[in-house]
Amino acid sequence: MSASLILDRRRVLTGTGALIASFSLRGTPAQERAPADQPKRPGSLAIAPYLDSWIRIDADGSITVFTGKAELGQGIKTALQQIAAEELNVPFESLKLVTADTKLTANEGFTAGSHSLQDSGTAIRNAAAQVRELLLAEAARRLGAPAEHLKADDGAIVGFDDRRLSYGELVASDLLHVQAQPTSKLKDPASFTIMGRPVRRVDIPAKMTGGAAYVQDMRIPGMLHARVVRPPSYGARFVECDVSAIEKMPGVVRVVRDGNFLAVVAKKEFQSIKAMDALAAAAHWNESVSLPKQGDVRSILAALPSQDSRILERSNPSVRGQRTIEATYTRPYLSHGSIGPSCAVAQFSDGMMTVWTHTQGVYPDRQAIAEMLDLPQQSVRVIHVEGSGCYGHNGADDAAGDAALIARALSGPPVRVQWMRGQEQTWEPFGPAMMTRLKGSLDAEGRIADWNLEVWSNTHTMRPGGAGALLAAQHSAKAVAPPPPRPIPLPEGGGDRNAIPIYAFPNANVVHHFIAEMPLRVSALRSLGAYHNVFSIESFMDELAALAGADPVEFRLMHLQDERGRDVIEKAADAFGWKKGQTFAANHGQGFAFARYKNLAAYCAIASEVEVNRGTGRARLMRAVAAVDAGQIVNPDGLTNQIEGAILQSLSWTLYENVTFDDTRITSVDWQSYPILRFDAVTDSIEVHLIDRPGQPFLGSGETGQGPAAASIANAIANATGKRLRELPLTGKRIKDAIGT
Amino acid sequence: MTSLSVNGRDHQIDADPETPLLYVLRDDIELNAAKFGCGLGQCGACTVIVDGKAVLSCVTPLLLVEGKQVITLEGLGTAADPGPIQRAFMEEQAAQCGYCIPGMMMRAQALLQRNPKPTDEQIRTELGMHLCRCGTHMRILRAVHRAAGLMSPADTSSGTIGRKP
C-alpha cells in the first residue's frame, strides 16, 4: 500500500477520526472498539468499525452486505437489504446479504430484544452512506471533477458529462478497509425510493415452494440422522441401559452415551426415531422430586428467596392519595413452542467443528460449544440457518450443542439432530412465571397520586456464553453446571423490563424482587418481563380509572406527557372508534392499553373488542386496532406483520397457555396438553396504523405489541363481564368462575 | 419396495412399510415442503394431498399410500412459476417464519378443489387443526380467499393439480 493512497483516503474522509487501514484483520471480522477520545460510532459500528466488515464490493461490481443478526422470520434480511440498497443507491435486488456466521460477520451478540434494526440496521445504513461517499470521492479524484458534480446511481458514480465509473472499478485495493466515521452523510428520507416501501420479503418464495429454507431442510452428502434421549425429568440420573439390541437395529450407526447424555445415530431419519424409542424404553433413570407443587404462581414464587432492589423512587409530598386500591397479578411459565422443534447439523473433521443452527447468537454458541468440547474457539464455526419461529431462547442452542457433541463422537460425518415435539415442550427453557403486586391511590381530583409496583421474577436470560447453558454440557460426564443467574440491568431490564411506569405519577416506587432459584428451566421469551409488567400496569390503570370514574383512554392521556406516546394512544382510540362509556351488545366489551417497549423502543397502543361466552366463559377477541410508532419505518408491511403477529401470539399466551408439571416431570408435552390459539378463535379483524417518523432513529418493534395486547384483552374482558381477572391465562374456566354462571 | 406417485412421478421406495410418509418424502425423495412439527397429527405442518384429500403425512404410514397419488407443495409450482395458491400467499406476504405454511397451503388447496368459493367460516373450520405460532393467521385467511379468486376451474379440478415435473 502506498503512502499516497493513505493521503487520498485521509483527504476524502472528513472529520477528526483517524483513518486506519489494517491488513492484519483482512478476512476476519474486525472487532476493534473506537479509541476513547472519539465519539461513539452509530449502532454496531461501535463494535465492528471497519466498513468492509459490513459492505464489500467486488471488482465485478457485485455487492455483499454482512450482518451479525439472524433471520428469525421477522423479515430482517429484507429490511437490512432495503437500508443498504437505499444508501448505496443501487437496486434492491442487486445486493447479496450474508447473515450471522462466525467466519464471515461481525459479532453482534444475539438477535434479540428488538435490537436488530437499532444495532445492525443503523450500522449498515451508516456504513453504506460512508461507502457511497468514499466512492464519490474516489470518482472525483479519478475524473478530476468536484464530488458535488457527481452522483451515485445504480451501482456507478456518474458525472454531468455522463462519464460513469462503476463501483467495481472504483473500489480497487483497500478503499473500504477503513474505520467508519462517527457521523455519516445520510440520505434525506424524502428522497427514499427503497426504504419506507413494502418491499416483498426475500425469504418467502423459497418457503412457499418447498425450497431448502430451514436448517431442518439441510442435506449434506453422507449426513447421518441423530436423536437424543433426554432424561425423563430435570434431575434424573442415568443408571443403566442394555444397548446391544439397539445397536443391531436397522440403520443404526452408533449409540452415544456421555454421562446422562444419550443419543442414537442412524443412516435414515425414521430409523433414528425407532432407535430413539427403543433406547428410551431400555434406559433406566433415577428421578427425584424436584418441582414445586403446581398451584397458583404466588405460592411458588413466594416460597423462594429474592434479592430486592428499588428501581424507582419518586416523591412529591405535596400530593397525597385519598383512595387506595391494591391488586396482585400473575403469569405462569410459558413455552416458546415453535411449530418446528429445534434442529441442528454439525460436522467435526480435521479438528474443525462446524455447526449449522437456528440460534439467536452464533458467537455465544461458538464459545459454549468450544468450551464444552475443549476446543479453541477458532476451531469452531457456527453458521446461522433459519429454523421455525424463535420467540426467544428456545431449544435452538441446545440442539446445536447436541449436534456438536454427537458429531465429535462420530468424527467425520455430518450429523443432523432433530428434537421431537415432547423434547421441545419439556426441555426448552420456559418464559419464567411472574408476580406483580400493585398499589395505587387517587387524589381528590381523581388523578393518580401514588403508585407502587413490586415484581417477583427469575432471570430472563440463561443464554449461552459458557458451556453450562447447553443441555448437552450439563448432561455429559463433564456435568458443566449452568452459570449463576443474573438479572439483566436496566434500562432494558429482565423481570423488571417495563416495570417502571412511563406515566408521570407524582409519587412512585418500583421494587424488583429477583429470584435466583429456578425450579423450572427458564430463559428469554419474547418481550421478557415486559409482557407481564405491561399487563399488570395497564390492567391496574383501568382499575384506577374505574375508581376515578374516568374513561380509560382519557385517564391514560391525563397521566402521560410523552408526546409520541400520546399520539399512538389517540390514533388507536380514534381508529377503533373509542367512545367514552360506550355500551356494546351483551357480553361484549372494549379494552385499551399502551406501552413503550422497554420505555426506549417502539410505542404501541391497542384497542380491543372482546366477546365472552357466558356458557363456557371463553373470551374471543373480535377485533383489535393498534397504533405503532417505531421511528423511521424501513418496511411498513414487515412492521405491520410483526404487530399482527405480536397481537395474536399474545392473545394465545393470554387466554390459553400454561406450562404444567407434577412434582417430578413437566406434563405439558404436546399440543393437547399445551393448547394454543386455533383458527376458530382467531380475531375477525386486526388493523395496524403506523406512525412514520422520517429521520428519527429506528425503534425496535418485534416485541412492542405483546404487553399492550394482553392488557387490552384483559381490560375488554373486565368491561364485558364486570369482573377483573388478574391471573393469567384468562381461560374460559377462570372467566366462568368469576362471572358465576 | 413400495410404489407411489409423488407430484406426478413414480417412485419405488425401499423403506420399512410403517415409515410415515413424511420421512419418505423428506428422506427418500428429498422434498422439503412437508415439515415435521409434532409427529402426532396435532399441528398440520406435514400436510400433503393424497388422492385429492389432505392427509397428515407424519401419521400416515407408507403402507397406506402404496399406489396412490401424493401431491406436495413442490407439485403446485416453483418460485419462478408459482401456482395460484403459492402466488396468493406470496402476494399477501402470508408468513413470518413460514414453517407452518406449506401444510396450510396443502389443506387450503384440498379445500379449494372441493369448494372453489369457501366462506371465511369454512376456511377457518378447514384450517382448524393447523397451528401457527408467529400469529400470521389473518394473512393466511386473506391468502386463501385470494387463492380462490386466482384459481381457474382447471386448477381446482381434482387430480390435475400436480404439475408434471
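Residues numbered from 1 in each chain as written. Chains lettered and ligands numbered in written order. Predicted model: local features only at pLDDT ≥ 70, side-chain atom pairs only at ≥ 80, totals over all residues.

1. A closer look at the overall build of chain B
If you tally the helices and strands in chain B, you get six helices and five strands. For chain B, the succession of helices and strands along the chain, N to C, is β-β-α-β-β-β-α-α-α-α-α. In terms of overall dimensions, chain B is globule-like: its C-alpha atoms have a radius of gyration of 15 Å, near the 15 Å expected for 165 residues. Judged by the C-alpha coordinates and their principal axes, chain B covers about 40 × 35 × 25 Å. (Helix = DSSP H or I, 4+ residues; strand = E, 2+ residues; numbered from the N terminus. Rg over C-alpha atoms; globule rule 2.2 N^0.38 Å.)

2. Overview of the pairing of strand 3 (residues 47-50) of chain B
Regular strands show a simple pattern: their side chains alternate between the two faces of the sheet. Residue and element names in this part refer to chain B. Across four bridges, strand 3 lies against strand 4 (residues 53-56) in antiparallel orientation. Note that in strand 4 the partner of Ile-49 across the bridge is Ala-54. The loop that links strand 3 with its antiparallel partner strand 4 comprises two residues; one of these, Asp-51, has a positive phi angle of about 45°. Where strand 3 meets strand 5 (residues 69-71), two bridges bridge the pair, whose relative direction is antiparallel. In the strand pairing of strand 5, Val-50 is matched with Val-70. (Pairing = 2+ DSSP bridges.)

3. Digging into the nonpolar core
Residues and elements named next belong to chain A. Counting 277 residues, the largest nonpolar core has Val-264, Ala-344, Ala-403, Ala-572, Ala-626, Val-628 and Ile-717 as the members making the most contacts within it. The leading source of residues in this core is helix 3 (residues 116-143), at 11 residues. The residues touching Val-628, leaving out its near neighbours within four places in the chain, are Val-568, Ala-602, Tyr-603, Cys-604, Leu-639, Ile-643, Val-688, Leu-690, Ile-691, Ser-701 and Thr-704. (Core = buried A, V, L, I, M, F, W, Y, C linked by C-beta atoms within 7 Å. Buried ≥ 20, exposed ≤ 12 C-beta atoms within 10 Å, placed from the backbone. Contact = placed C-beta atoms within 7 Å.)

4. A short note on the interface of chain A and chain B
At the interface, 48 residues of chain A touch 48 residues of chain B. Listed by contribution, the elements that provide at least two residues to the side of chain A that touches chain B are helix 5 (204-209), helix 7 (269-282) and helix 16 (636-656) of chain A. Of the residues forming the side of chain A that touches chain B, the biggest block, eight residues, is contributed by helix 16 of chain A.

5. Things to note about the domain arrangement of chain A
Think of interface size as the accessible area that goes away when the parts come together; that is how it is often given. All names here are of chain A. Splitting chain A by domain gives domain 1 (3-204), domain 2 (215-287 + 339-423) and domain 3 (434-460 + 495-739). Here the C-alpha centre of domain 3 lies 39 Å away from the C-alpha centre of domain 1. Facing 19 residues of domain 1, the contacting portion of domain 3 comprises 21 residues. Those elements that place two or more of their residues in the side of domain 1 that touches domain 3 are helix 2 (76-88) and helix 3. Grouping the amino acids of the side of domain 1 that touches domain 3 by side-chain chemistry returns eight nonpolar, 11 polar and no charged. (Domains from an automatic or database assignment. Nonpolar A, V, L, I, M, F, W, Y, C, P; charged D, E, K, R; others polar.)

6. Topic: helix 16 of chain A
Its 21 residues place the ends of helix 16 of chain A 30 Å apart at the C-alpha level, agreeing with the 30 Å of an ideal helix rising 1.5 Å per residue. With respect to burial, helix 16 of chain A is a largely interior element, 19 of its 21 residues being buried. (Expected span 1.5 Å × (residues − 1).)

7. Details of the sheet that holds strand 14 (residues 343-349) of chain A
Residue and element names in this part refer to chain A. Reading across the sheet, the seven strands line up as 9-10-7-17-14-15-16 and stay open at both edges, with mixed pairing between neighbours. A single partner strand is all that each edge strand has here, and the edge strands are strand 9 (252-258) and strand 16 (380-384). Taking the axes of each pair of neighbouring strands and ignoring which way they run, one obtains an average angle of 20° across the sheet. Of the strand pairs in this sheet, strand 14 and strand 15 (residues 352-357) are connected by six bridges, and their pairing is antiparallel. (Axes fitted to C-alpha atoms, helices over the stretch in contact; angles between N-to-C directions.)

8. A few points about helix 3 (residues 101-114) of chain B
Between the first and last C-alpha of helix 3 of chain B there are 20 Å, a value that for 14 residues agrees with the 20 Å anticipated at 1.5 Å per step. The buried fraction of helix 3 of chain B is high, at 13 of 14 residues.

9. A word on the sheet that holds strand 4 of chain B
Residue and element names in this part refer to chain B. A sheet is described by the order of its strands in space; here five strands give the open sequence 2-1-5-3-4, paired in mixed fashion. Only two strands of the sheet have a single partner each, and these edge strands are strand 2 (9-13) and strand 4. Strand after strand, the sheet turns through a mean of 40° between neighbouring axes, direction not considered. Strands strand 3 and strand 4 of the sheet are contacted by helix 3, whose axis makes an angle of about 30° with strand 3.

10. Digging into the packing of helix 2 (residues 84-91) of chain B against helix 3 of chain B
All names here are of chain B. At their nearest, the axes of helix 2 and helix 3 sit 10 Å apart, and the two run at 130° to each other. Looking at the two axes, helix 2 sits oblique to helix 3. Between helix 2 and helix 3 lies a crossing whose hand is right-handed. Packed against helix 2, whose contacting residues are Ile-85, Gln-86 and Phe-89, the element helix 3 presents Ile-101, Met-105, Ala-108 and Gln-109 at the interface. Among the residues making up the contact of helix 2 with helix 3, the classes are represented as five nonpolar, two polar and no charged. (Parallel < 35°, antiparallel > 145°, perpendicular 65-115°, else oblique. Left-handed = near helix turned anticlockwise from the far one by under 90°.)

11. Description of the pairing of strand 24 (residues 685-690) of chain A
Residues and elements named next belong to chain A. Bridge analysis of strand 23 (residues 619-629) against strand 24 gives six bridges, and the strand direction is parallel. If you follow Ala-626 over to strand 24, its bridge partner there is Val-688. Following the backbone out of strand 23, through helix 16 and into the adjacent parallel strand 24, one traces a crossover that is right-handed. (Right-handed = clockwise from strand over helix to strand, strands pointing away.)

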